[in-house]
Amino acid sequence: MSAPRHPALHASHSGCWLHDGQGSARALSKGQAVTAVADAPHLILNAPLLATRLGYPDLAGLDLLELYAFVHPARFVVPTPKGLADALGLPRPDADSEVPELLQRAAMRLLETCEQPDWAEREGAWTSLQSLVKMRWPWAKLLAPRLAKPQKAERWIFTRLPEWEESPEPPQPRQLNIPDGAVLDRLAHLTGQGAEERAGQKAFAVEAAHAFAPRTRAGLPHVVLAQAGTGVGKTLGYLSPASVWSEASGGTVWVSTYTKALQRQLRKESRRAWPETRPDGSQPVVVRKGRENYLCLLNLEDALQGGFAGRAAILAHLVGRWAAYTQDGDMIGGDLPGWLGTLFHKRGIAALTDQRGECVYAGCPHYRKCFIERATRASVNADLVIGNHALVMINAARGRDVASRPTRIVFDEGHHVFDAADSTFAAELSGTEMIELRRWVIGPEKKSRGRRRGLAARLADVASYDDEGDKAILTALSAAEALPSDGWLQRINDGEPSGPLEELLAAVRATVYARDESGGQEAGYGLETEAAGLEGPFVEASQAARLALSELRRPLIQLALRLEALLEDGPDWLDGQGRARIEGARHSLTWRIDLLVAWENLLERLGGPADPEYVDWLALARSEAREFDIGIHRHWLDPMKPFAKVVLEPAHGVIMTSATLRDGDSWDRAIARSGAPHIEVSPRLSLSPSPFDYAAQAEVLIVRDVPRGDIAALAAAYGRLIEASGGGVLGLFTAIRRLRAVHGRIADRLARGGLPVYAQHVDPIDTGTLVDIFRDDPGASLLGTDALRDGVDVPGHSLRTVIMEQVPWPRPTILHRARRMAGGGSAYDDSIIRARLAQAFGRLIRSKEDRGHFIVLSSAFPSRLLDAFPEGTPISRISLDEALQRVAGHASGNLIATPADRTDRG
């Protein structure tokens, strides 16, 4: 069956092209393009991006990405014309004018795939399509004739998924020392025969092995701080002793990262040390993330059965297709395309995960097939668990099973452990947080949609059996009425807060505005003020709010005690599954009780003296001049203190590694930020310099004639540098508004010259996909903020120039000011800036073949910060014109070679 030749439309910053299916593509204006797509459905690629390009938010059509997600769920594709062509084995378009015809060919290829007998993702497609036809999905009519009804009824997605199996509790690992020879032999095996020998990698692996030695005293783990420069090969360096130890001891090693990109890289590298599965079918390597990252099957079932409407319902069916083929159910950074959620409602993906901690555990009909439970159980018997910093800390603090908490941990991207601890151990009493707690206790109110269930619904059988438990539930429901409810922010804005907690938030808002000294300079950004010198009425409001929280905490504690009693002396009908459900409910209750205690402690302090260990402040959160939250915040002055108690002290061995642990030549900052001093441990220090020849491979250019604050000059500099480099530029900004202003001024002109520019906070594409697009196109450039400063691994020609718009000064928040005062004043700021510069520079040279320029557009770059760059890197303070000549010379094929007398390190 031949595919109908639908008209196809493509729009980029360089123009618009339409192919009507008969002749060749023709150029047209944005207005003509909007008229065309409004009159008839066109083949398009990435509707939200196209809508942004055309300035037409109501754009709709036959999006090839949606069709690809249906035909090839859980398969990777870069969501660009070139990426689609590569994924389908079609010729890449040489120009934008050729893209419409490519879209037509791609549509034909995907539709014809559905007719092939060897289509690997056929099962479930016909059944899913029947629902999509009813929803009037644009592709349904084209797919229907090509999908024959199967002879046997297809299994429902929830019956097709395999069940996880219970396994016995693992024994304690053997206590042993790893010989250096065994570590080096394993390293040689992992790097492979004929691989280049790296002395730094060998030394790093031997040092890392010390973390796996038997602990000599309780509460005193072996701590190794290992700085390994880019190119040392630290991943295989620590996987070598980790794999030797886990194999010999029978224990589990956790490797923790800060970015999802490194998690993916680790999963790939780990295959050198462990097979995909063991002979018994179990997994030696498991990737673990927080619950909110995984597909919740109960939420999916609700969505498929009418819980979602409109476009969100179509998304649910495409996710249902993916769920049958996914490796592990990871929706955020796993094998679900990152671009899929952006094609639909922005919260569609989040609504299919367990964002609110409402899991009913064994009470769920899909419990035995749950992706989260499968990963949790697999990790208990795994040799290697790949997690993230936040998960490791939360698991150590309140993991359901104490025996399975990590005891041998490698913190890769160790320079982010401080930030992760800062977030994990903080307290935030805000309207958003309190309304979530209210919904968790009370459940759906008024016209709420979805499967949300309150305490009474989740524990109905317990309430019917246990009078004391029933009474505690009812008391908690009554007390939760004091928490903010829907419409709380509008009531506060109208001066009509309801209840003691909304009254407190109203007082916070009024105080923040009364003390604001920004003079409108921070319009669009949050406002904050210290929680000090508060007036009597504010303190009274805070204590009334604290009493209301206490009234809720007490029945929750009583309910937790009743559940514990049920587990100890349960009724006859309480089987193993029921016990597991009650255990899960107890875990959730403990989490909420701890949260309430933290809030009460925060409010109690407002009426008394400040605690020197904490920093407290009031804040009004805003975005684009729109208020969206109000709250009181508490952070540890030094979050490594609770980290040391919760994570380090119970551990036996911990490695923290990064290319940027040290501050210059000093270990003081790294040691302080490891938490080791809080438990009186002296960490073992290891330094493995990068093997790269930075004198020949890289050059730092400090451009001195771009005036600070001049957006026109900044945009002109970026545009000219991207042209000189021929693309391949990663542009880093410290403010979103400057990023948007620069992108708006240069994107169209550069695209017309064949140099597309993508940008965070502008293009409706998730960050991971933006990096994929950037990596895939050597002519593309990418503008972004902090998220792109590290964790971006783009070796080769696709990244040859990094531009920072200015010195990355820390934002002068209340929290930063407190830590600055405690940490040595300007020296504290300098250490942060040096770390940021080093992390950004680390994006540039990722292999021995890489060459490139690191450019800072700063007229007054402090010389004291120049040691942030690797020793030997040429550094020059020059004009923009000189920088353009050097960048253009590199782009034309000339290698970087800067005389030593041009180096400026102060």
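Numbering of residues starts from 1 in each chain and follows the order in which that chain's sequence is written. This being a predicted model, a pLDDT of at least 70 is required before a residue's local features are given, and a value of 80 or more before pairs of side-chain atoms are given or counted; all residues contribute to the totals for chains, interfaces and linings. Only hydrogens and water are set aside; all other atoms, that is, all heavy atoms of the structure, feed into the side-chain values.

### Some thoughts on the sheet that holds strand 11 (residues 427-430)
Two strands pair if DSSP finds at least two bridges between them. Where helices and strands are cited, they refer to DSSP runs of H or I of at least four residues and of E of at least two residues respectively, numbered from the N terminus. In space, the four strands of this open sheet follow the order 11-14-13-12, with antiparallel pairing throughout. The sheet is open, and its two edges are formed by strand 11 and strand 12 (527-530), each paired on a single side. Each strand axis lies, on average, 20 degrees off the axis of its neighbour in the sheet, ignoring direction. Here four bridges tie strand 12 to strand 13 (residues 614-623), and the two strands are oriented antiparallel to one another. Lines fitted to the C-alpha atoms define the axes, with helices restricted to the stretch that makes contact. Angles between their N-to-C directions range from 0 to 180 degrees.

### With respect to the confidence of the model for the protein chain
Of the residues in the protein chain, 95% reach a pLDDT of 70 or more, and the chain-wide mean stands at 90. Confidence scores per residue from the predictor, reported as pLDDT, run from 0 to 100. The contact rule is simple, with two residues in contact once any of their heavy atoms fall within 4.5 Å. In this model residues 897-903 is a low-confidence stretch, pLDDT under 50, and it forms ten contacts with partners more than four residues away in sequence or in other chains.

### Focus on the pattern of salt bridges
A side-chain nitrogen of Lys or Arg and a carboxyl oxygen of Asp or Glu constitute a salt bridge if their distance falls within 4 Å. Here the structure, examined in full by the defined rule, presents 47 salt bridges. Note that Arg 834 is salt-bridged to Asp 663, the shortest N-O span being 2.6 Å. With Arg 834 in helix 33 (residues 826-841) and Asp 663 in the loop between strand 15 (653-658) and helix 27 (668-672), the pair connects residues that are 171 residues apart, well separated along the chain. In this pair, the class of Arg 834 matches that of Asp 663, namely buried. Between Glu 699 and Arg 886 there is a salt bridge, with the nearest N and O atoms lying 2.3 Å from each other. Remark: Arg 886 occurs in helix 34 (residues 880-891) and Glu 699 occurs in strand 17 (residues 698-703); sequence separation between them is 187 residues. Here the term buried applies to any residue with accessible area under 20% of the maximum for its type, exposed to any over 50%, and partly exposed to those in between, with areas from a 1.4 Å probe on protein chains only. Residue class for Glu 699 comes out buried when judged on its relative accessible area of 3%. Since its relative accessible area comes to 18%, Arg 886 is described here as buried.

### Remarks on the packing of aromatic side chains
Only the six-membered ring of Trp is used, alongside the rings of Phe and Tyr, when aromatic pairs are assigned; centres must lie within 6.5 Å, and planes under 30 degrees apart are stacked while those over 60 apart are edge-to-face, with the rest tilted. The full count for this structure, using the stated rule, is 13 aromatic pairs. Summarising the aromatic geometry, the rings of Phe 70 and Trp 137 are spaced 5.6 Å apart at their centres and angled 45 degrees between planes, so their arrangement reads as tilted. Of this pair, Phe 70 sits in helix 3 (residues 64-71) while Trp 137 sits in the loop between helix 6 (125-134) and helix 7 (140-143), placing them 67 residues apart in sequence. A relative accessible area of 0% places Phe 70 in the buried class. A relative accessible area of 2% places Trp 137 in the buried class. Here, a charge over a ring means that NZ of Lys or CZ of Arg falls within 6 Å of the ring centre while also lying within 35 degrees of the ring normal. Over the aromatic face of Phe 70 sits the side chain of Arg 321, whose NZ or CZ is 4.8 Å from the ring centroid. Here the guanidinium or amino end of Arg 673 rests over the ring plane of Phe 418, the centre of that ring lying 3.8 Å away.

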